[in-house]
Amino acid sequence: MLNVSTGGRHVFPRISCHFSKIASTHSGRVQIHRLEVERKFLVTPVAVSYLRSNGGGSRFKKHESLGKQTTQDTYYDRNGLLFSKGVYIRRRNGNWEAKIRTGGDFINSAFTEVDGNNAVKEVIEQNLAVSVDGLNIEEILEPCAEFVTQRESWMMDGRFKVDVDTTDFGHTVGEVELTGTLRYANGEHSEEEEQKEKALKQEMDQDIKAFMQCYPEAFPAGRPLGKLSAYFHRLSG
C-alpha cells in the first residue's frame, strides 16, 4: 500500500525541470521515501534581484529567505560506468551520497537518493556487480569531479524551494523544487504503486512549471546547464 503526502521543506537541505530525489529509510515494516521534484532555470542579474527583493510585477505570494550555504562535492566513478547508468556517487561536505536517475534527462529528471557509507556501497555493488566487502569507497571508485558551490535559497509561495548555485569555476544555475513523502507498506513496490508514484512526480513537475510561468522575471526562458555538465564541458573545452 502506498500513502502519499506533499509539502514544502523549510529545513536547509542538502539535493533540476528535474523530477525527484528520494532518500529512503525504514521504520518497522514501512519504507519511507523522500520524493523531490526539481526544475533548473537560467540565472540572470534581473532574476537574482527579483528573488532577493520580491519586487516588481507579479510578486510572490509568500517570500522567505533561507540564507546561504557552502558545499564541497567530490564525484566518483569507475571508467564512466556509473555515470553512463545515471548513477552519481559523491562526497558532500564529507558525507557519502548516491543519486540514481529514474527518469527524464539532465534538465527534467527523476532521482532516488541514499545517504551514508553502507547505503552508497550497496548502490555501487548493485550497479557494478562487484563485491564491496571490506573495501572503502575510495578503493572501488576514482574521483572524477570536484568543486565548491555557494547556494542561496528561498521558500516561495509556501511550498516551492528556490536555489541559486554558483560554483568555484564560475558557473551559475538555479533550481526550483517540491518535496513529498511516499510510504510503502512492507517495503514493497507493486506495479500499481509505481504508477501512483510516477503520476505524483508528473503532477509535482507540472505544479513547478506553472509556478515558474507565473514569475517570468525570476525564471527566464532558456536551457540551463547543470553543474556537473558545466564542469565536464569546461574540461573538454
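Everything discussed here concerns the structure shown above.
Residues numbered from 1 in each chain as written. Predicted model: local features only at pLDDT ≥ 70, side-chain atom pairs only at ≥ 80, totals over all residues. Heavy atoms only, no water.

Counted by the stated rule, this structure contains 16 aromatic pairs. The structure contains a cluster of three or more aromatic residues connected by ring pairs, namely Phe41, Tyr50, Phe60, Phe160, Phe211, Tyr215 and Phe219. (Phe/Tyr/Trp six-rings, centres within 6.5 Å; stacked < 30°, edge-to-face > 60°.)

It is worth spelling out empty space enclosed by the protein at this point. Taken as a whole, the largest cavity spans an internal volume of roughly 50 Å³. Lining the largest cavity are Gln69, Thr71, Asp73, Arg92, Thr149, Arg151, Asp165 and Lys227. By residue number, the principal contributor to the lining of the largest cavity is strand β4 (residues 63–77), which donates three residues. Looking at the lining of the largest cavity residue by residue, the classes come out as no nonpolar, three polar and five charged. (1 Å grid on protein atoms, 1.4 Å probe; cavity = no way out; pocket = protein on both sides within 12 Å on 5 of 7 lines; lining within 4 Å. Points joined across faces, edges and corners; volume = space filled by probe spheres on them. Helix = DSSP H or I, 4+ residues; strand = E, 2+ residues; numbered from the N terminus. Nonpolar A, V, L, I, M, F, W, Y, C, P; charged D, E, K, R; others polar.)

What follows covers unusual backbone geometry. If you check the backbone angles, Asn79 has positive phi at about 55° while not being a glycine. Positionally, Asn79 belongs in the loop between β4 and α2 (81–84). The class for Asn79 is exposed, based on a relative accessible area of 73%. Phi is positive for Asn93, which is not a glycine, with a value near 50°. With respect to the helices, strands and loops of the structure, Asn93 is situated in the loop between β5 (87–92) and β6 (95–104). With a relative accessible area of 44%, Asn93 lands in the partly exposed category. (Buried < 20%, exposed > 50% of the residue type's maximum accessible area, 1.4 Å probe, protein only.)

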